[in-house]
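# Breakdown of the fold
Letter by letter, the chains look like this.
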Amino acid sequence: MSMMQGSRENAVVKRVRLDHYKRVIVTSDIHGDKDGLAGMLQQVHFSYEDGLVLVGDLIERGAHSLELLRMVLQYAKAGNVYAVEGNNDAVFIDWYAGRISDEDICRYVNGRKNSLILDMAMELEMKYETAEDIKRLKAVLGEAFREEIEFLQSLPQVIESELAVFVHAGIRPGDLRKQDPEYCMTAPEFGRQPYCFKKTVVVGHWPVSNYSDCVISVNPYWNHKSNVISIDGGNSMKRWQQINYLIFEKGTIQFGYYDQLPKIHALDSQEESQEPFTLLFPHTRIDSMREMREGNYCVFSSLNKELLIAKDRIYRYKGTYYCYDFTTYCLPVRAGERLSYCGKEGAGILVKRDGIVGNYYGRYELLHDL
């Protein structure tokens, strides 16, 4: 089911001036991670002298969508916070406006671990299991969450400033006032589109790790040929959860990131692997598979490969089977280094250093609890 139903004719464009701020901090795809956004803002020493631009997908997927929304609202009251609508933000907006049915939202809410609607239902101690429950819930939300709803409804799809154009997923060449709002929120792989924009375009939506080839990089992806900067670090979605940010200051653009992953102290050195193999979305689509005791032999037509994938690494999405991202790359490590722990991976662990992801097979000690 597509969550973007009904019609919105043209994208809403908001024009703002940002040059009066000491710095402009830009981030995207927080996905309901209240602590992550708070930690990132603390890391960059965000103040009221700075502007903050949030490039869509404030909510959904993460565990604290309602709390995150309220935190953003508090910041926004100072007048220095700007946000655009992402496709995940649009789920609530379109349902509340009647563009998505109660039946579809019922399936959506009950098929997810976390969502804004679920957070609201739980705060009101209301049921959400049936379409009738959803209908009753919708009838009281306007009074119970008026401020939160008005904020979401006010989000434009595009922000144009003297520094850059900010949009969740992408824009087409031409008049910003005639952009398709669905394309603005759902354009895939926009960082690789060929058109060169005169003004820098900053987008989220498509995790930057998807642009990687042999070695996974989670750092912002700047396509200088198209003048597009992609910054979605995969927070609340990928195992290497990362919140990327840009800082516009005195005519320069700086990159940074924040993660809350547990940290380890590597006790052994490890050489970098040669000719690693990496499989990332959207190439993780499985076209057919044969079940075996040790896993499933999966055919990936886009790669012309058949690989043995552990059964717990396979999932189904919209009727199609995929496997989770993986890599055989071994990160070069020196004994004594501090690494981010992304999870267990076969005989070793998946780690991240400076936004680069790989496997580590040495001994280690935890610096933070897993």
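Up top is the structure these notes are about.
Now for a description of the structure that goes with this document. Just so we're clear, the structure is a prediction, and the values are computed from it rather than from any experiment.

### A few points about the overall build of the protein
A tally of helices and strands in the protein yields 8 helices and 24 strands. When the backbone C-alpha atoms are referred to their principal axes, the protein occupies close to 55 × 55 × 40 Å. Split into buried and exposed, the 370 residues of the protein put 52% on the buried side. By sequence separation, contacts in the protein at least 24 residues apart represent 68% of the contacts at least 6 residues apart. Summed over all atoms, the accessible surface of the protein reaches about 17,600 Å², with 48% contributed by carbon and sulfur.

### Some details on the packing of helix 2 (residues 65-76) against helix 5 (residues 116-124)
The interhelical angle for the contact between helix 2 and helix 5, taken along N-to-C directions, is 95 degrees, at an axis separation of 8 Å. In terms of orientation, helix 2 lies roughly perpendicular with respect to helix 5. Between helix 2 and helix 5, the residues in contact are Ser-65, Leu-66, Leu-69 and Arg-70 and Leu-116, Asp-119, Met-120 and Glu-123, respectively. Residue composition of the contact of helix 2 with helix 5, grouped by class: 4 nonpolar, 1 polar and 3 charged.

### Considering the sheet that holds strand 21 (residues 338-345)
Backbone hydrogen bonds are what pair the strands of a sheet, in a parallel or an antiparallel way. Overall, antiparallel pairing links the 6 strands, which are arranged 8-23-22-21-13-24 in an open sheet. Where the open sheet ends on each side, the last strands, each with one partner, are strand 8 (216-217) and strand 24 (364-366). Pairing of strand 13 (residues 263-266) with strand 21, which is carried by 3 bridges, proceeds in the antiparallel orientation. Residue His-265 lies in a different strand from strand 21, and its bridge partner there is Arg-338.

### Overview of the packing of helix 5 against helix 6 (residues 131-144)
At a closest axis distance of 11 Å, the pairing of helix 5 and helix 6 adopts a crossing angle of 80 degrees. The angle between helix 5 and helix 6 falls in the class roughly perpendicular. Contact with helix 5, carried on its side by Ile-117, Met-120, Ala-121 and Leu-124, involves Leu-137, Val-140, Leu-141 and Ala-144 of helix 6 and no other residues of that element. Of the residues in the contact of helix 5 with helix 6, the class split is 8 nonpolar, no polar and no charged.

### Quick word on the sheet that holds strand 10 (residues 228-230)
The sheet built from 6 strands is open, its strands ordered 1-5-6-7-10-9 with mixed pairing. Every other strand in the sheet has two partners, leaving strand 1 (13-15) and strand 9 (221-223) as the edge strands with one partner each. Neighbouring strand axes in the sheet, compared pairwise and without regard to direction, differ in orientation by 20 degrees on average. As paired strands, strand 5 (residues 158-160) and strand 6 (residues 165-167) are joined by 3 bridges and run antiparallel to one another. When the bridges of strand 6 are listed, Ile-159 appears paired with Phe-166.

### A short note on the side chain of Asp-50
For Asp-50, the location among the structural elements is in the loop between helix 1 (34-43) and strand 3 (51-54). Judged by its relative accessible area of 1%, Asp-50 is buried.

### Here's the deal with the pairing of strand 22 (residues 348-353)
Here strand 22 lies mainly inside the structure; 5 of its 6 residues are buried. Direction of pairing for strand 21 relative to strand 22: antiparallel, over a ladder of 5 bridges. By the bridge assignment for strand 22, Tyr-341 is matched with Val-351. Bridging between strand 22 and strand 23 (residues 356-360) involves 5 bridges; their strand directions are antiparallel. Residue Lys-352 lies in a different strand from strand 23, and its bridge partner there is Val-357. Here strand 22 folds back onto strand 23, and the loop between the two strands holds 2 residues, one of which, Asp-354, carries a positive phi near 50 degrees.

### Section: the state of the cysteines
In this structure the tally under the stated criterion is 0 disulfides. Between Cys-298, a cysteine without a disulfide, and Cys-323, which holds the nearest cysteine sulfur, the sulfur-to-sulfur distance is 6.7 Å.

### What to know about helix 5
Those residues of helix 5 that fall on the buried side of the exposure criterion are Leu-116, Ile-117, Leu-118, Asp-119, Met-120 and Ala-121. Looking at the packing, one finds that the buried side of helix 5 touches helix 2, helix 3 (87-96), helix 4 (102-110), helix 6 and helix 7 (146-153). In the segment just after helix 5, Glu-125 is the residue with positive phi, at about 55 degrees.

### What to know about unusual backbone geometry
Between Phe-281 and Pro-282 the backbone carries a cis peptide bond, its omega angle lying at 10 degrees. For Glu-275, which is not glycine, the phi torsion reads 50 degrees and is therefore positive. In this fold, Glu-275 is placed in the loop between strand 13 and strand 14 (278-279).

### Section: the packing of aromatic side chains
When we look at a pair of aromatic rings, we describe it by the centre distance and by the angle of the planes. On inspection of all chains with the given rule, the structure shows 15 aromatic pairs. Here Phe-92 and Trp-95 contribute two aromatic rings whose centre-to-centre distance is 5.7 Å and whose plane-to-plane angle is 75 degrees, an arrangement assigned as edge-to-face. Taken together, the residues span about one helical turn, with Phe-92 and Trp-95 both in helix 3 at a distance of 3 residues. Taken individually, Phe-92 and Trp-95 each receive the classification buried, so the pair is uniform in this respect. Taken together, the ring pairs connect Trp-206, Phe-281, Tyr-315, Tyr-317, Tyr-322 and Tyr-324 into an aromatic cluster. Stacked on the ring of Tyr-183, the Lys or Arg Arg-172 has its end atom at 3.8 Å from the ring centre.

About the thresholds
- Residues numbered from 1 in each chain as written.
- Predicted model: local features only at pLDDT ≥ 70, side-chain atom pairs only at ≥ 80, totals over all residues.
- Heavy atoms only, no water.
- Helix = DSSP H or I, 4+ residues; strand = E, 2+ residues; numbered from the N terminus.
- Buried < 20%, exposed > 50% of the residue type's maximum accessible area, 1.4 Å probe, protein only.
- Contact = heavy atoms within 4.5 Å.
- Areas by Shrake-Rupley, 256 points an atom, 1.4 Å probe, with all protein chains shown as cover.
- Axes fitted to C-alpha atoms, helices over the stretch in contact; angles between N-to-C directions.
- Parallel < 35°, antiparallel > 145°, perpendicular 65-115°, else oblique.
- Nonpolar A, V, L, I, M, F, W, Y, C, P; charged D, E, K, R; others polar.
- Pairing = 2+ DSSP bridges.
- Disulfide = S-S within 2.5 Å.
- Phe/Tyr/Trp six-rings, centres within 6.5 Å; stacked < 30°, edge-to-face > 60°.
- Lys NZ or Arg CZ within 6 Å of the ring centre and 35° of its normal.

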